[in-house]
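Survey of secondary and tertiary structure
This is what each chain is made of:
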Amino acid sequence: MSNSIKLNKEKRFEMINSIKEYFFNNENEELGDLRASLLLDFFLEELAPEIYNEGISMCYSQLSSSLEDLFALQIRKR
């Protein structure tokens, strides 16, 4: 499995525009495409893996809990 997240052109375009919009609306700063693209690359390389791993951990915990609930439904002999 690759450690880098790949985005298709359309999704990358949407994310770059979202970054630009955020900076314009919240920081009163207009970012160009290059700067927003570099920020997106930073987020994908540095932040996304941690967020992804946390999602995997949360999913594992939820599934483990659900499996324990499933085993509790077993019919026990008297």
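Per-chain numbering applies: the sequence of each chain, read as written, is numbered from 1 onward. With pLDDT at 70 or above as the cut-off, local features in this predicted model cover only qualifying residues; side-chain atom pairs require 80 or more to be listed or tallied, and sums for whole chains, interfaces and linings still use all residues. To get the side-chain values, all heavy atoms of the structure are used, and hydrogens and water are removed first.

1. Quick look at the packing of helix α1 (residues 9–27) against helix α2 (residues 33–71)
Heads up, the condition is: The axes are straight lines fitted to the C-alpha atoms, using for helices just the contacting stretch, and the angles between their N-to-C directions are given from 0 to 180°. A run of H or I in DSSP counts as a helix once it spans at least four residues, and a run of E counts as a strand once it spans at least two, with each numbered from the N terminus. Angles are sorted into four bins: roughly parallel if under 35 degrees, roughly antiparallel if over 145, roughly perpendicular if 65 to 115, and oblique for all others. By definition, residues are in contact when any of their heavy atoms lie within 4.5 Å. Each residue is assigned to one class: nonpolar for Ala, Val, Leu, Ile, Met, Phe, Trp, Tyr, Cys and Pro, charged for Asp, Glu, Lys and Arg, and polar for all the others, Gly among them.
Between α1 and α2, the least distance of the axes is 9 Å, while the angle of their chain directions is 105°. It follows from the interaxial angle that α1 and α2 lie roughly perpendicular. On the side of α1, the interface is formed by Arg-12, Met-15, Ile-16, Ile-19, Lys-20 and Phe-23, while α2 contributes Asp-33, Ala-36, Ser-37, Leu-39, Leu-40, Asp-41, Phe-43 and Leu-44. Grouping the amino acids of the contact of α1 with α2 by side-chain chemistry returns 9 nonpolar, 1 polar and 4 charged.

2. Describing the packing of aromatic side chains
Applied cut-off: Note on aromatic pairs: the rings of Phe, Tyr and Trp (six-membered ring only in Trp) are paired at centre separations within 6.5 Å, and the planes decide the class, stacked below 30 degrees, edge-to-face beyond 60, tilted for the rest. Buried means the residue's accessible area, taken with a 1.4 Å probe over protein chains only, is under 20% of the maximum for its type, while exposed means over 50%, and partly exposed covers the values in between.
Scanning all chains against the criterion turns up 2 aromatic pairs. Ring centres of Tyr-22 and Phe-23 lie 5.8 Å apart, and the angle between their planes is 85°; this geometry places the pair in the edge-to-face category. We classify Tyr-22 as partly exposed; its relative accessible area is 45%.

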